Amino acid sequence: MLKLSEPTLLRSQNLIDGQWRDAGLGARLAVTDPATAEAFANVADSDAGDARLAADAAAAAFPAWSRRPARERAQLLKRWHALILDHQEDLARIISTEQGKPLKEARGEVQYGASYVEWFAEEATRICGDIVAEAVPGRKLLVLKEPVGVVAAITPWNFPLAMIARKIAPALAAGCTVVAKPAEDTPLTALALSWLAQLAGVPAGVINIVTASREHTPGVVDAWLADSRVRKVTFTGSTPVGKHLARESAATLKKLSLELGGNAPFIVFDDADLDAAVDGLMASKFRNGGQTCVCPNRVYVHDAVHDAFVERLAQRVGALHVGPATEDAAQIGPMINARAVDKIARHVEDAVARGARVVTGGKRVRSADGPHYYAPTVLVDATPAMELSCEETFGPVAPIFRFRDEAEVIRDANDTPFGLAAYFYSSDIRRIWRVAQALETGMVGINEGAIAAEAAPFGGVKESGYGREGSRHGLDDYMHTKYLCQGLLG
Ligand code: SIN
């Protein structure tokens, strides 16, 4: 079913200390097709013992790796970047098959993930400290940036390549070594990526990948949380898991980067360019079938443009092609699993029961291709009483809330514990600055729906977490600041 031009990319063992190994207890984890839930491959189902071996390897590799000149680390990252692009088609097929992302988007994800590797290869050579003006004669005050040490990266299933790339690349650029656990639904992409890193010449122990089932994941992660050699945890996923990691990391005071849940508002003001707003919503809401942390979850449309906007949006959404992810025509693939599609159906049923109206979609589709397809949906008359206004739906559903007043919509947009991304469309420059500053999120798209880029700081505020990925700030998160004070110079 999964045919690759380079079959060695399909790995099924852990990568620990440069060796491909089975889990210590020999257990296996089935990798399933998200459309049908049928197994098509299997990988190691690791436990705490495997996690400790990975941490041993990363700790042993750290001194030599952190002392390698930045230029050498950069060259290895550049080689890795080139290999990722050389294998773009195979990697995209792996992503599509294990995650259900339409092939065209999966190719885009390979480019997107690779862009972080290239960016951090370049940033590695620009790590700079400071020489501070001395307050006392005869003393020099110097500030150095040093790698934090071993990093544990725990990555989600929705971007199986880009999320692990944007954690491992800055870690390696800074001089850290890594233990990583990809999501149980999508381990194959992470293994393929680390195989390419090995081919690029990344030394043994610098990247270690341990795969595990949902049942064994707590054992693996807790082993790293308890290990004082692991100095940083970087995680993308749900807010409850992020809070657990923060609590458990406290015992050894690890540095943390947490990219957690969203619940993004998308606001269309009455002075917006409506066609641009529809384009922006299509790009941000329906990317990856709506399974994206920065996806708009609540769409607020001004009363004066509401009906025109809904009509244009519904036409575009109704025309989206739903189908198996590896078919070229697919624009919306299957949802990741039964839990995901059940949640979408529950949100839509709850909204309809509380007065929302389905304009298009609103049901499961293509049951002959598998049970996990859901029709791209537009709902109107959404209200804050509905489940989908407080919880991320993580699916192709755009609920429209009508509003009349700027202050009211800002209050509603901010009325959530989350603060990852927000979007708004307006052509009034004064309003643009006012609203951009009033929105309580880490990222704001202004007349733009596609905001993620390797050069930009990605991350949230409030219960969407802390730390930034990408940009120069993304490298800082993997380093600490050391101050040297040298006397007897006068
Ligand atoms: C995410 O959904 O967590 C990441 C999305 C992105 O990088 O755009």
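Refer to the structure printed above.
Below is a short write-up of the structure. (Residues numbered from 1 in each chain as written. Predicted model: local features only at pLDDT ≥ 70, side-chain atom pairs only at ≥ 80, totals over all residues. Heavy atoms only, no water.)

## Describing empty space enclosed by the protein
For the structure on display, the rule yields 4 cavities of 30 Å³ or more. There is about 80 Å³ of room inside the largest cavity. Phe159, Met163, Arg166, Thr292 and Phe458 are, among the 13 residues lining the largest cavity, the residues nearest its centre. Grouping the constituent residues of the lining of the largest cavity by class yields 7 nonpolar, 3 polar and 3 charged. (1 Å grid on protein atoms, 1.4 Å probe; cavity = no way out; pocket = protein on both sides within 12 Å on 5 of 7 lines; lining within 4 Å. Points joined across faces, edges and corners; volume = space filled by probe spheres on them. Nonpolar A, V, L, I, M, F, W, Y, C, P; charged D, E, K, R; others polar.)

## Quick word on the layout of surface pockets
As a volume, the largest pocket reaches approximately 1100 Å³. Forming the walls of the largest pocket are 38 residues, and the residues nearest its centre are Trp157, Phe235, Gly237, Ser238 and Val241. If one sorts the elements of the lining of the largest pocket by residue count, helix 8 (residues 239-249) sits on top with 5 residues. For the lining of the largest pocket, the class distribution of residues is 17 nonpolar, 12 polar and 9 charged. Taken as a whole, the second largest pocket spans an internal volume of roughly 550 Å³. Along the walls of the second largest pocket sit 24 residues, with Glu105, Met282, Ala283, Phe286 and Arg287 positioned nearest its centre. If you list the elements that add at least two residues to the lining of the second largest pocket, you get helix 4 (103-124) and helix 9 (274-285). Take the lining of the second largest pocket: its biggest share by element is 5 residues, from helix 4. Looking at side-chain class alone, the lining of the second largest pocket contains 15 nonpolar, 3 polar and 6 charged residues. (Helix = DSSP H or I, 4+ residues; strand = E, 2+ residues; numbered from the N terminus.)

## Examining the nonpolar core
Core analysis: the biggest nonpolar cluster contains 66 residues, and Ile267, Val268, Val299, Phe309, Leu313, Ile400 and Phe424 have the highest contact counts within it. In contact with Ile400, other than residues within four places in its own chain, are Val299, Val301, His306, Phe309, Val310, Leu313, Val378, Leu379, Val380, Asp381 and Ala382. Judged by nonpolar contacts, the second largest core, of 65 residues, contains Leu15, Leu191, Ala200 and Val202. (Core = buried A, V, L, I, M, F, W, Y, C linked by side-chain atoms within 4.5 Å. Buried < 20%, exposed > 50% of the residue type's maximum accessible area, 1.4 Å probe, protein only. Contact = heavy atoms within 4.5 Å.)

## With respect to the packing of helix 9 against helix 10 (residues 306-318)
Orientation of helix 9 relative to helix 10, taken along the N-to-C sense of each, is 40°, at an axis distance of 10 Å. By the criterion of interaxial angle, the relationship of helix 9 to helix 10 is oblique. Relative to helix 10, helix 9 is oriented so that their crossing is right-handed. Listed contacts from helix 10 to Leu274, Asp275, Ala277, Val278, Asp279, Leu281 and Met282 of helix 9 are Ala308, Phe309, Arg312, Leu313, Arg316 and Val317. Residues belonging to the contact of helix 9 with helix 10 are distributed by class as follows: 9 nonpolar, no polar and 4 charged. (Axes fitted to C-alpha atoms, helices over the stretch in contact; angles between N-to-C directions. Parallel < 35°, antiparallel > 145°, perpendicular 65-115°, else oblique. Left-handed = near helix turned anticlockwise from the far one by under 90°.)

## Some details on the site of the ligand
Taken together, Tyr112, Asn158, Phe159, Met163, Arg166, Thr236, Glu259, Arg287, Thr292, Cys293, Ala452 and Phe458 make up the full set of residues near the ligand. Between an oxygen atom of the ligand and a side-chain N or O atom of Arg287, the distance comes to 2.7 Å. Within the contact set of the ligand, an oxygen atom lies 2.7 Å away from a backbone nitrogen or oxygen of Cys293. Of the pockets mapped on this structure, the ligand occupies the largest cavity. (Near = heavy atom within 4 Å. Polar contact = N/O pair within 3.5 Å; in protein donor to acceptor, adjacent residues only side chain to side chain. Sits in = over half its atoms within 2 Å of the grid points.)

## Topic: helix 7 (residues 217-226)
Those residues of helix 7 not exposed but buried are Thr217, Val220, Val221, Ala223, Trp224 and Leu225. Check the buried side of helix 7 and you find it contacts helix 1 (48-67), strand 7 (150-154), strand 8 (177-181), strand 10 (230-236) and helix 8.

## Section: the sheet that holds strand 15 (residues 377-380)
Spatially, 7 strands are ordered 14-15-16-13-12-18-19 in an open sheet, and the strand pairing comes out mixed. Strands at the two margins of the open sheet, each flanked by one partner only, are strand 14 (357-360) and strand 19 (443-446). For this sheet, the mean angle separating the axes of adjacent strands, direction not counted, is 25°. Bridge count between strand 18 (residues 421-425) and strand 19: 4 bridges; the pairing is parallel. Bridge pairing links Ala421 to Met443 in strand 19. (Pairing = 2+ DSSP bridges.)

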